[in-house]
Amino acid sequence: MLKQFSPDRMLNSPFGITAEHVRSLGKTTILTDLDNTLLAWDEMDATHEIMNWFTLLEAEGIKVMILSNNSEERVDRVARATRIPYLAKAKKPLSKNFKKALRELDSAPEETIMIGDQIMTDILGGNRQKLMTIFVRPVKETDGLATKFNRFMERIILKRLAKKQKMEWEDSL
Ligand SMILES: [Mg+2]
């Protein structure tokens, strides 16, 4: 039961993930959440940090796609500025759009990493699809209203995980 909610790794930030790390894990593809994973949930515009990260990964042949539960307008604004492909209104943790993303990228689950700041959507969804899952610290401590209930559940799960598996926050893969 707890296993479904358990990330493979916990990172302080996604931006330290390099193409070399990805390849050394035998992976080719990154699916990433947007809000509070790459950008504060209430921040409208893409940052240079996101652009540089994506540009470097892409230049080295790593496939990247944003998988977000947020609206088309919100995600498109960031994605267009960074040229990162995306699926909005993804309804994570449901499987449909994880599968669609992998189809569009022509990637298999075993070569794909899911990165996100929420256990109940990103990590649960990724684990169900048998992706490697990386839980990251939220960019901003506060959340939108829709996220508050998930955070409540998440705190309970994280407490149990900490007790059971002694997972630790890391700076890089
Ligand atoms: Mg998020």
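Residues numbered from 1 in each chain as written. Predicted model: local features only at pLDDT ≥ 70, side-chain atom pairs only at ≥ 80, totals over all residues. Heavy atoms only, no water.

Identification of the protein as HAD family hydrolase from Listeria fleischmannii 1991 is taken from an unreviewed UniProt entry.

## Some words on the sheet that holds strand S6 (residues 132-136)
Strand order in this open sheet of six strands is S1-S6-S5-S2-S3-S4, and the pairing throughout is parallel. The sheet is open, and its two edges are formed by strand S1 (9-11) and strand S4 (86-87), each paired on a single side. Pairing between strand S3 (residues 63-67) and S4: two bridges, direction parallel. Note on S4: the bridge partner recorded for leucine 67 is leucine 87. (Pairing = 2+ DSSP bridges. Helix = DSSP H or I, 4+ residues; strand = E, 2+ residues; numbered from the N terminus.)

## Thoughts on the coordination of the magnesium ion
Those protein atoms acting as donors to the magnesium ion are Asp33 (OD), Asp35 (O) and Asp117 (OD), and they sit at 2.1 to 2.2 Å. Motif for the magnesium ion, donor spacing along one chain: D-x1-D-x81-D. Taken as a pair, aspartate 33 and aspartate 35 share a single burial class, namely buried. (Donors = N, O, S within 2.8 Å, 3.2 Å for Na, K, Ca; no water. Buried < 20%, exposed > 50% of the residue type's maximum accessible area, 1.4 Å probe, protein only.)

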